[in-house]
Amino acid sequence: MSRTRVKICGITRAEDAAAAISAGADALGFVFFAKSPRALTAAQAALIIASLPPFVTKVGLFVNANADYVREVLAICSLDLLQFHGDETPLYCESFAKPYMKALRMREDIDLTAQLAAYSSASAVLLDSYKAGVPGGTGEVFDWERIPSDLSLPLVLAGGLRPNNAGAAIAACQPYALDVSGGVESAPGIKCADAITRFIEAVSAADRRED
Ligand SMILES: O=C(O)c1ccccc1N[C@@H]1O[C@H](COP(=O)(O)O)[C@@H](O)[C@H]1O
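Computed from a predicted structure; not experimentally measured. (Residues numbered from 1 in each chain as written. Predicted model: local features only at pLDDT ≥ 70, side-chain atom pairs only at ≥ 80, totals over all residues.)

**As for the overall build of the protein chain**
Part 1: For the protein chain, the count of helices and strands is 7 helices and 10 strands.
Part 2: Whereas a compact globule of 211 residues would reach a radius of gyration of roughly 17 Å, the protein chain reaches 16 Å, a difference of no more than 12%.
Part 3: With the principal axes as the frame, the protein chain shows a C-alpha extent of 40 × 40 × 30 Å.
Part 4: Looking at the 211 residues of the protein chain, the share that counts as buried comes to 37%.
Part 5: Across the protein chain, contacts joining residues at least 24 apart in sequence account for 56% of those joining residues at least 6 apart. (Helix = DSSP H or I, 4+ residues; strand = E, 2+ residues; numbered from the N terminus. Rg over C-alpha atoms; globule rule 2.2 N^0.38 Å. Buried ≥ 20, exposed ≤ 12 C-beta atoms within 10 Å, placed from the backbone. Contact = placed C-beta atoms within 7 Å.)

Given below as structure tokens:
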């Protein structure tokens, strides 16, 4: 089995980015959604990104953003992947000519087959918990049994992940990657280096069990 990748989302400080990378994170997420406690400006993100070593995937997270704003961020920040976490259409997601992943929130009535067909141009699908009125970063887990085993896109699992449930998440659905934010924080927007290390150790231990 291949290694489960880890994305640490909601980076707001260079020291948190450095801690995530030295713990072994594959990707860092930058939240360009003003209502999030983890939001930062393009200029702030660009400064952090400039401090990063190579071979780390930089992900820009947007929620129903104006397309001009996304282009403005792309002009300032060297992002590798866009994460659309709202109700963005496939056409909108494709319009930036950048790899993207589409976040789908697991509402009871979601038709995953239809959604995956609609976003077939995505590099991955991110499945997150559904909480009315909260677009993401809920800190809540959804029932992983609801995820079909034959998804047509690589699965990025999110929603309430923590060091003590990362292993169970991998055992339950063998995702391509885990995406964690609140579960490795000491306060909203402030990452905890020890929790990040424990999270990535739990992922590695689960991968060894799956082999
Ligand atoms: O992190 C945020 O504040 C956020 C805001 C709006 C949309 C998505 C957001 N984060 C993403 O939400 C999931 C789950 O986060 P958590 O681990 O439950 O805190 C994850 O994909 C984040 O990238």
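**Focus on the confidence of the model for the protein chain**
Part 1: When pLDDT is averaged across the protein chain, the result is 97; 100% of the residues are at 70 or more.
Part 2: Note on the complex model: pTM 0.97, ipTM 0.98. (pLDDT = per-residue confidence, 0-100.)

**Observations regarding the site of the ligand**
Part 1: Taken together, 26 residues sit near the ligand, with C9, G136, G137, A158 and G182 positioned nearest.
Part 2: Going through the elements one at a time, β2 (27-31), β6 (124-128) and β8 (177-180) are the ones with two or more residues in the shell around the ligand.
Part 3: When the residues that make up the shell around the ligand are grouped by side-chain class, the tally is 10 nonpolar, 13 polar and 3 charged. (Near = placed C-beta within 6 Å. Nonpolar A, V, L, I, M, F, W, Y, C, P; charged D, E, K, R; others polar.)

**Quick look at the sheet that holds strand β1 (residues 5-8)**
In sheet architecture, strand pairing relies on hydrogen bonds along the backbone and comes in two forms, parallel and antiparallel.
Part 1: The strand order β1-β2-β3-β4-β5-β6-β7-β8 describes a closed barrel built from 8 strands, whose pairing is parallel. On average, each strand axis in the sheet is tilted by 25 degrees relative to the strand beside it, whichever way the strands run.
Part 2: As paired strands, strand β7 (residues 155-158) and β8 are joined by 3 bridges and run parallel to one another. Within β8, the position partnered with V156 by the bridge is A177. (Pairing = 2+ DSSP bridges. Axes fitted to C-alpha atoms, helices over the stretch in contact; angles between N-to-C directions.)

**Description of the environment of E201**
Part 1: Mapped onto the fold, E201 is located in helix α7 (residues 193-210).
Part 2: Put simply, E201 and G29 are 172 residues apart on the chain and 20 Å apart in space, counted from C-alpha to C-alpha.

**Quick word on α7**
The periodicity of an α-helix, 3.6 residues per turn, causes residues three or four places apart in sequence to face the same way.
Part 1: Under the 1.5 Å per step criterion, the end-to-end length of α7 is 26 Å for 18 residues, consistent within 8% with the ideal 26 Å.
Part 2: Buried residues of α7: I196, F199, I200, A202 and V203, and no others. One side of α7 holds all its buried residues, which, seen down the axis, span an arc of 150 degrees. Facing away from the buried side of α7 by more than 90 degrees, the exposed set consists of R208 and R209. (Expected span 1.5 Å × (residues − 1). Arc of directions from axis to C-beta.)

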